[in-house]
Amino acid sequence: MIEIKNLTKRFGGLTAINNISFHVAHGEILGFLGPNGAGKTTTIRILTGFFPPTSGSAKVDGLDVFDDSLEVRKRLGYLPENVPLYNDMRVSSYLGFAASLKGVPKERGEKEVDRVINTCGLQPVRDRFIGKISKGFRQRVGIAQAIIGDPDVLILDEPTVGLDPKQIIEIRELIRSFSGQKTVILSSHILPEVSMTCGRVVIINEGRIVAEDTPENLTGKDSSRVMLEIEGPDKEIVEKLRTLHGVTNVSVDAYPGGGSSRYTVEMEKGKDVRGLLAQSVVESGWRLLEMRSSKPSLEDVFIRLVTEEVE
Amino acid sequence: MAVVRRELYVYFSSPIAYVVLTIFLLLCGYFFYSAFAYFSIVSMQTMRMPYAAGINVNEMVLEPLFSNMSVIMLLVMPLLTMRLFAEEKRSGTLELILSYPVREIELLLGKFAACLLVFCLMLALTGLYPLLILIYAKPDIGPIITAYLGLFLLGSAFIALGIMVSSTTENQIIAAAISFGALLMFWLIGWGQSFAGSGLGKILVHLSLLEHFDRFTKGLIDTRDIVYYISFSLFFLFLTLRSLESKRWRG
């Protein structure tokens, strides 16, 4: 559905994105991840036809975003970062305006507005001024204007920025409900959001793609870890655990008090040493208070990829 | 069209249109009143003088009124046009609206038309003054109609230039200041005739917004004047379109 090939964009001497390529299949929700200033918004702006790439091409539904800009924009719903909306309009009249600009026929316009108001839960504010509603509702108006006219492709640039946790969950659920019907690019620098909603993730940093995979595979690539809380002498415990087969590193994280310490044990890939750990702790006469395995989060992967790039 | 409706909605749901209309009508009303009052005094006096030549209500009241109206327009029109693009650029809504399947030219013409409609309302309300004269005196109707045609053409030229300036900046104050300065420059450019020499002087006079307007108030319709205003408007609308599209080809 979306094909991006060798896309490069320079602003004067600054290279915002450098030769990036990826694709999004129909009905897929793609997480587009990167730290601030990585080039996410630049890529998205090229996709929406706001400015052309310096080189390379971007296609939506087989149509070039620059040559067939108007046709592409008919298939596109876009929520820009910071949700720029007309504060001086009422929610329903704004959505009506968006519908008519998006070519929804007049006789269907009102129905379409009602539909997106229901989908996005905007009934309580439909006759209020956009400038006077809460940030959560504002964000939903932004999504509502994106899905009005039922476009096939949705591009959402940081849709949950500045929302409280409850609102984030609601928006996330709304986005997840598009899965299978619409092709979605969800740009974000909030990692849990992406791992929860997206089937696939593209991570970009400093204008280049550093990883592209499912969230599961990305987190699976890193070695797994075990967290332990043990009552006993630190140094001896660390030394003892290091000697165990399959353990690559042991470190002390914290001293919660009461004579116990927390440890992180890193294991070799594909090995499960939990049993061995428990056994050797108990056999040494120390007290094992807690043990849990922790998979590396997408956050860890992200930080590793992004910092690797810097080195 | 949706853009026209939205712009009109913004003009009239915010104080912009009301404030501009009120100021414009107040000033015009004052000019009209003082010109008319003066005229009635003078006409009283001439009635008592047997040899005095007949005085003309067109020349003494309406002509100055229309010239004054054009000067007030010079002051208030930038206030109508300054926000048209500058505000959308600042708030980022321009980026969103350009992601809709809308051509730049539709957007531009929509905004232009909306502003022109507000301006027409403004003009229509001043129609009260000639109407009052019609009741109490016998003016020539022709010059009134041509003057309104002239004011309309002049207004659309002002709007076109104002929109162009608005499309180049994110700041409304800057937009208003530059369009006011540019309009004033085009207004006064003809003054250069006296020192610019005959060739250049003629060009400067022809460029002047003021020069072309005077004939309309006297009841003259000259195609040169009409062509001037229309090409002035089209030229600035064209520049606006280029400025809107520039980010598309400035790879």
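Further up the page is the structure itself.
Structural notes, computed from the coordinates. Quick caveat, the model's predicted, so the values are computed rather than measured.

With respect to the side chain of Thr 197 of chain A
Residue and element names in this part refer to chain A.
Line of reasoning, step 1. Within the secondary structure, Thr 197 is located in helix α7 (residues 191-197).
Line of reasoning, step 2. A relative accessible area of 7% means that Thr 197 is categorised as buried.
Line of reasoning, step 3. Residues contacting Thr 197, with those up to four places away along its chain left out, are Ile 29, Arg 172, Arg 176 and Leu 186.

Quick look at the pattern of salt bridges
Pairing between side chains becomes possible if they bear opposite charge and their charged atoms approach one another.
Line of reasoning, step 1. With the rule as written, the count across this model stands at 28 salt bridges over all chains.
Line of reasoning, step 2. The residue Glu 290 of chain A makes a salt bridge to Arg 292 of chain A at a minimum N-O spacing of 3.0 Å.
Line of reasoning, step 3. Take Arg 292 of chain A: its relative accessible area is 43%, and that puts it in the partly exposed class.
Line of reasoning, step 4. The residue Glu 7 of chain B makes a salt bridge to Lys 111 of chain B at a minimum N-O spacing of 2.6 Å. On the criterion of sequence distance, the pair formed by Glu 7 of chain B in helix α1 (residues 2-13) and Lys 111 of chain B in helix α6 (residues 104-126) is long-range, its members being 104 residues apart.
Line of reasoning, step 5. Three or more residues joined by partner-sharing salt bridges are found here, namely Asp 88 of chain A together with Arg 6, Glu 7, Arg 83, Glu 87, Glu 88 and Lys 111 of chain B.

Some remarks on the packing of aromatic side chains
Line of reasoning, step 1. On inspection of all chains with the given rule, the structure shows 19 aromatic pairs over all chains.
Line of reasoning, step 2. Here Tyr 86 of chain A and Tyr 94 of chain A contribute two aromatic rings whose centre-to-centre distance is 5.9 Å and whose plane-to-plane angle is 70 degrees, an arrangement assigned as edge-to-face.
Line of reasoning, step 3. By relative accessible area, Tyr 86 of chain A is classed as buried at 7%.
Line of reasoning, step 4. A ring pair is formed by Phe 232 of chain B and Phe 236 of chain B, whose centres lie 4.8 Å apart and whose planes are at 50 degrees; its orientation type is tilted. With a gap of 4 residues between them, Phe 232 of chain B and Phe 236 of chain B both fall in helix α13 (residues 223-249), about one helical turn apart.
Line of reasoning, step 5. When its relative accessible area of 6% is taken as the criterion, Phe 232 of chain B is described as buried.
Line of reasoning, step 6. Here a set of aromatic residues connected by ring pairs shows up, and it is made of Phe 186, Phe 216, Tyr 228, Tyr 229, Phe 232, Phe 235 and Phe 236 of chain B.
Line of reasoning, step 7. If you follow Arg 6 of chain B out to its NZ or CZ, it ends over the ring of Tyr 86 of chain A, 3.5 Å from the centre.

Cut-off values and rules
Residues numbered from 1 in each chain as written. Chains lettered and ligands numbered in written order. Predicted model: local features only at pLDDT ≥ 70, side-chain atom pairs only at ≥ 80, totals over all residues. Heavy atoms only, no water. Helix = DSSP H or I, 4+ residues; strand = E, 2+ residues; numbered from the N terminus. Buried < 20%, exposed > 50% of the residue type's maximum accessible area, 1.4 Å probe, protein only. Contact = heavy atoms within 4.5 Å. Salt bridge = Lys/Arg side-chain N within 4 Å of Asp/Glu carboxyl O. Phe/Tyr/Trp six-rings, centres within 6.5 Å; stacked < 30°, edge-to-face > 60°. Lys NZ or Arg CZ within 6 Å of the ring centre and 35° of its normal.

Function cannot be inferred from these measures alone, as they are strictly geometric.
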